[in-house]
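Architecture at a glance
Here's the letter readout for the chains.
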Amino acid sequence: MSYRPNVVNVTKAGSNDKDGLYEFIVNMADGTACRVFYHRNPEWRLTNVSRLQKTPCPVCRKDFICQCMEKFSGEINRQMVEGQWLDKLSSK
């Protein structure tokens, strides 16, 4: 069974509006939380995804730093764009 991320909630963790850099905390349906970094200029571009160390990784089950969420950056980005999370949170 392969892992399928499902974005259920996104909160803005920080931003540098001058440089177009944004940081979001993305909560998944399975309880996994990730820190997602975006660059806005000239358009939204996901630059990095890292899992927060609150629960073991749903892919490799490690309880320490791993890069598994990077494999799903395309799917996470797609859900962020389709759910219009970027536009909602950047306007706050």
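First, a word on scope: everything that follows refers to the structure included in this document. Everything numeric in this text was worked out from a predicted model, so none of it was measured.

Criteria and thresholds
Residues numbered from 1 in each chain as written. Predicted model: local features only at pLDDT ≥ 70, side-chain atom pairs only at ≥ 80, totals over all residues. Heavy atoms only, no water. Helix = DSSP H or I, 4+ residues; strand = E, 2+ residues; numbered from the N terminus. Rg over C-alpha atoms; globule rule 2.2 N^0.38 Å. Buried < 20%, exposed > 50% of the residue type's maximum accessible area, 1.4 Å probe, protein only. Areas by Shrake-Rupley, 256 points an atom, 1.4 Å probe, with all protein chains shown as cover. Lys, Arg positive; Asp, Glu negative; His and termini not counted. Charge placed at Lys NZ, Arg CZ, Asp CG, Glu CD. Salt bridge = Lys/Arg side-chain N within 4 Å of Asp/Glu carboxyl O. Phe/Tyr/Trp six-rings, centres within 6.5 Å; stacked < 30°, edge-to-face > 60°.

**Remarks on the overall build of the protein**
Per the secondary structure count, the protein includes two helices and four strands. Walking the protein from its N terminus toward its C terminus, one meets helices and strands in the order β-β-β-β-α-α. Its C-alpha atoms give the protein a radius of gyration of 13 Å, within 12% of the compact-globule value 12 Å for 92 residues. The dimensions of the protein, computed from C-alpha atoms along their principal axes, are 40 × 25 × 20 Å. Taken across its 92 residues, the protein has 38% of its residues classed as buried. Just so you have it, the protein exposes about 5,700 Å², and 49% of that area is on carbon and sulfur atoms. Looking at the protein, you have 14 positive and 10 negative side-chain charges, and the mean spots of the two groups are 4 Å apart.

**Considerations on the pattern of salt bridges**
When the charged atoms of two side chains with opposite charge come close together, those side chains can pair. Counted according to the given criterion, the structure contains three salt bridges. The closest approach of N and O atoms between arginine 35 and glutamate 23, which form a salt bridge, is 3.0 Å. With arginine 35 in strand S3 (residues 33-39) and glutamate 23 in strand S2 (residues 21-28), this residue pair connects regions lying 12 residues apart in the sequence. Using a relative accessible area of 28% as the deciding quantity, one classes arginine 35 as partly exposed. Note on glutamate 23: relative accessible area 18%, which makes it buried.

**Looking at the packing of aromatic side chains**
Taken as a whole and judged by the stated rule, the model has six aromatic pairs. Seen in terms of ring centroids, tyrosine 22 and tryptophan 44 are 5.1 Å apart; in terms of plane orientation they differ by 55°. Their pairing is tilted. Separated by 22 residues along the polypeptide, tyrosine 22 in strand S2 and tryptophan 44 in the loop between S3 and strand S4 (45-51) bring together distant segments of the chain. Note on tyrosine 22: relative accessible area 6%, which makes it buried. An angle of 50° between the planes, with centres 6.5 Å apart, marks the rings of phenylalanine 24 and tryptophan 44 as tilted. Separated by 20 residues along the polypeptide, phenylalanine 24 in strand S2 and tryptophan 44 in the loop between S3 and S4 bring together distant segments of the chain. Three or more aromatic residues link up through ring pairs in this structure, and these residues are Tyr22, Phe24, Tyr38 and Trp44.

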